[in-house]
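Notes for the structure review
The lines below spell out each chain.
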Amino acid sequence: MRAVVLRRHGPAEILSLESVPDPTTGSEQVLVAVEAIGLNFAEVLSRKGLYGWSPDLPYVLGMEAVGVIEEIGDRVEGREIGERVLVASQFGSYAEKIAVTASAALPALDSYTPEENAAFGVNYMTAWVSLLEMARMRHTDRVLVTAAAGGVGTAAVQIASSFGCEVVALASSDAKLQLARNLGATDTVCYGNTGFPDQLLDTVGSRGIDVALETVGGHVFKACADCLAPFGRIVVAGYAELDYKLWNPISLWRAWRGMPRMSMESMYRGSKGLLSTHLGYLVPYPEIVRPVWDRLTTFVEEHKIRPIVGHVFQLADVAEAHQLMESRGSMGKIVMRV
Ligand SMILES: NC(=O)c1ccc[n+]([C@@H]2O[C@H](COP(=O)([O-])OP(=O)(O)OC[C@H]3O[C@@H](n4cnc5c(N)ncnc54)[C@H](OP(=O)(O)O)[C@@H]3O)[C@@H](O)[C@H]2O)c1
């Protein structure tokens, strides 16, 4: 089969397709013929060597895909050849085939195209887990979402607005904020201009924010944490500003200084909380993940939510897809077709 093997860390141009042996199907695994792949910011960080959850080099890059079950391990029950599934994995999805533990292959949504399915799993689970499972969002909450036009961001805006919440969307450009408004955001603030964070404080006013989903870090995290109302919860699901070079102590110090953090004193003085989640560490616990997945899929079906597929590439154009995500130019999900 053809796959994108990460052999060293570096810029997007190091990525290309090569021929590798097909994966073998373990006894508790299913082998999936991949149709479409969802690109995640974590894969940009992995390529650069900045992602803690990556396996050792070399490995096939990629954490999610949609495809059709082609082979079933001898100890797997209840799965069928030809079943369309979404797969989540630490690695291996930038490929024509991927073998995963059967519990990590969840039923694809019938009403979605393969591209929409590829845009669904990681982003919507992250948004749902952050807002509903971690922050316990209520219908009356005012919710803030950063990087609101991105994969996780669009999912969070759709989920929170469909839940009945007032949504304040933050992003780095007006075009991105327009997309967030189209998806249901009631207020928008651009952190790409000089008026930030004052404009955020003006927008949220004395009412403040009840729930924030934050994925940028640095001064954006700080501004969001500062506008939490009493009983407010901020969930950190990412840190896209993270950038450092291992051999450069100043860049390491800057990265450390920009890490999202809150002092216990500011939490108890403000009755507010800092929470965090990482889907990767939940994958080994299907008994926890599956009920959450069922709640999420029921919700999106009830509210007729469709993922925002912003850009579609061929897998052979993986380097361009990474360049787009890194450039901060993408809106919605970047998907690669196989
Ligand atoms: N915890 C989890 O389980 C989990 C799962 C999936 C994703 N995530 C995190 O959620 C975030 C969004 O992921 P995604 O895959 O949906 O990506 P994405 O939002 O589609 O793209 C990343 C976005 O981050 C923002 N950004 C801020 N600083 C950036 C920088 N220095 N370089 C590039 N982009 C920057 C950009 O939006 P603006 O230009 O509007 O700032 C960009 O569009 C990431 O931080 C990712 O690591 C976490």
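Residues numbered from 1 in each chain as written. Predicted model: local features only at pLDDT ≥ 70, side-chain atom pairs only at ≥ 80, totals over all residues. Heavy atoms only, no water.

Quick notes on the pairing of strand β16 (residues 333-337)
Along any regular strand, the residues point their side chains to alternate faces of the sheet. Quick note on the threshold: Only protein chains enter the accessibility calculation, which uses a 1.4 Å probe. A residue is then buried if its area is under 20% of the maximum for its type, exposed if over 50%, and partly exposed in between. Each helix corresponds to a stretch of at least 4 residues labelled H or I by DSSP, and each strand to a stretch of at least 2 residues labelled E; elements are numbered beginning at the N terminus. The pairing criterion is simple: DSSP has to find at least two bridges between the two strands. Note on handedness: a crossover is taken as right-handed if, strands pointing away from the viewer, the path from the first strand over the helix to the second is clockwise.
For β16, a buried count of four out of five residues is recorded, marking the element as mostly surrounded by other parts of the structure. Sheet topology places strand β3 (residues 29-38) next to β16; three bridges connect them, and they run antiparallel. Directly across from Gly-38, in β16, lies its bridge partner Val-335. Looking at chain direction, strand β15 (residues 309-314) and β16 are connected through five bridges and run parallel. Directly across from Phe-313, in β16, lies its bridge partner Met-336. Handedness of the crossover joining β15 and β16 through helix α11 (residues 318-326): right-handed.

Let's talk about the packing of helix α3 (residues 121-134) against helix α4 (residues 151-162)
Stated precisely, the cut-off is as follows: Note on definitions: angles span 0 to 180 degrees between N-to-C directions of axes, and those axes are lines fitted to C-alpha atoms, for helices only across the stretch in contact. Angle categories: roughly parallel below 35 degrees, roughly antiparallel above 145, roughly perpendicular from 65 to 115, and oblique for all the rest. Each crossing gets its hand from how the near helix is turned against the far one by less than a right angle, where anticlockwise is left-handed and clockwise is right-handed. Contact between two residues is taken to exist if any of their heavy atoms lie within 4.5 Å; hydrogens are not considered. Just so you know the grouping, Ala, Val, Leu, Ile, Met, Phe, Trp, Tyr, Cys and Pro go in nonpolar, Asp, Glu, Lys and Arg go in charged, and all remaining residues, Gly too, go in polar.
At a minimum axis separation of 8 Å, α3 and α4 run at an interaxial angle of 50 degrees. With respect to each other, α3 and α4 are oriented oblique. The interaxial crossing formed by α3 with α4 has right-handed handedness. Along its contact with α3, which presents Asn-123, Tyr-124, Thr-126, Ala-127, Trp-128, Leu-131 and Leu-132, the element α4 presents Gly-151, Val-152, Ala-155, Ala-156, Gln-158, Ile-159 and Ala-160. By residue class, the composition of the contact of α3 with α4 is ten nonpolar, four polar and no charged.

Side note on the state of the cysteines
Two cysteines form a disulfide when their sulfur atoms are joined by a covalent bond. Put simply, the rule is: When two cysteine sulfur atoms are found within 2.5 Å, that pair is recorded as a disulfide.
Under the criterion given, the structure shown has zero disulfides. Cys-190 carries a free sulfur, and the closest cysteine sulfur to it, the one in Cys-224, is 13 Å from it. Its sulfur unpaired, Cys-224 is 5.8 Å from the next cysteine sulfur, which belongs to Cys-227.

Brief notes about the layout of surface pockets
Here is the rule: Both cavities and pockets are sets of points on a 1 Å grid over the protein atoms alone; in a cavity a 1.4 Å probe fits but cannot get out, in a pocket the set is open with protein on both sides within 12 Å along at least five of seven lines, and lining residues sit with an atom within 4 Å of a point. Grid points are joined across faces, edges and corners, and a volume is the space filled by probe spheres set on the points.
Approximately 380 Å³ is the volume found for the second largest pocket. Along the wall of the second largest pocket there are 23 residues; nearest its centre are Ser-89, Phe-91, Ile-98, Ala-99 and Val-100. Of all the elements, strand β7 (residues 97-101) adds the most residues to the lining of the second largest pocket, at five residues. Of the residues belonging to the lining of the second largest pocket, the class tally is 15 nonpolar, seven polar and one charged.

Quick word on the site of the ligand
Just so we agree on the cut-off: The nearness test applies per residue and asks whether one of its heavy atoms lies within 4 Å of the molecule or strand. Counting of polar contacts relies on pairs of N or O atoms within 3.5 Å, with two restrictions inside protein: one atom must be capable of donating a hydrogen and the other of accepting it, and residues adjacent in sequence are counted only when both atoms are side-chain atoms. Each accessible area is a Shrake-Rupley estimate made with a 1.4 Å probe; only the visible protein chains count as cover when residues are assessed. The source of the domain bounds is an automatic or database domain assignment.
Taken together, 26 residues surround the ligand, and among them Ser-172, Lys-176, Tyr-191, Ala-237 and Leu-279 come closest. The separation between an oxygen atom of the ligand and a polar main-chain atom of Leu-279 is 2.7 Å. Contact with the protein chains removes 92% of the 890 Å² of surface that the ligand exposes when unbound. Every element with two or more residues in the shell around the ligand is listed here: α3, α4 and α11. Per element, the largest residue contribution to the shell around the ligand is three residues, and it comes from α3. Class assignment for the residues of the shell around the ligand results in twelve nonpolar, ten polar and four charged. Three or more residues apiece are contributed to the shell around the ligand by two domains, here domain 1 (2-120 + 307-337) and domain 2 (123-280).

Looking at unusual backbone geometry
Most peptide bonds take the trans configuration, and most residues that are not glycine carry a negative phi. Backbone torsion omega between Leu-57 and Pro-58 reads -10 degrees, so that peptide bond is classified as cis. Relative to the elements of secondary structure, Pro-58 occurs in the loop between α1 (41-48) and β4 (59-60). In the segment running from Phe-196 into Pro-197, the intervening peptide bond is cis, with an omega of 10 degrees. In this fold, Pro-197 is placed in the loop between β11 (187-190) and α6 (198-204). Despite not being glycine, Ala-147 shows a phi value in the positive range, around 45 degrees. Tracing the sequence through the fold places Ala-147 in the loop between β9 (142-145) and α4. Overall, the relative accessible area of 26% leaves Ala-147 in the partly exposed class. The phi torsion at Ser-271 lies on the positive side, around 45 degrees, for a residue other than glycine.

Focus on the packing of α1 against α11
Interhelical geometry of α1 versus α11 gives an angle of 105 degrees and a closest axis separation of 10 Å. As summarised for this structure, α1 and α11 are arranged roughly perpendicular, according to the angle between their axes. For the pair α1 and α11, the contacting residues are Phe-41, Glu-43, Val-44, Arg-47 and Lys-48 in the first and His-322, Met-325 and Glu-326 in the second. Across the contact of α1 with α11, the residue classes tally to three nonpolar, one polar and four charged.

Looking at the sheet that holds strand β2 (residues 17-19)
Ordered by their spatial adjacency, three strands build an open sheet running β2-β1-β4, and the pairing between neighbours is antiparallel. The sheet terminates laterally at β2 and β4, the two strands that pair on one side only.

Details of the domain arrangement of the chain
We apply this condition: As used here, buried area is the combined drop in accessible area, with a 1.4 Å probe, of two parts when they are placed together. Only one rule defines a salt bridge in this text: a Lys or Arg side-chain nitrogen within 4 Å of an Asp or Glu carboxyl oxygen.
By domain assignment, the chain separates into domain 1 (2-120 + 307-337) and domain 2 (123-280). Each of domain 1 and domain 2 was reduced to a C-alpha centroid, and the two centroids are 27 Å apart. At the junction of the two partners, domain 1 supplies 16 residues and domain 2 supplies 20 residues. With both chains or domains summed, domain 1 and domain 2 bury close to 1,500 Å², and 57% of this area falls on carbon and sulfur atoms. Connecting domain 1 to domain 2 are one salt bridge. When the shortest N-O distance is used, the salt bridge between Asp-243 and Lys-48 registers 3.9 Å. Our count for the contact surface shared by domain 1 and domain 2 stands at six residue pairs in polar contact (both at pLDDT 80 or more).

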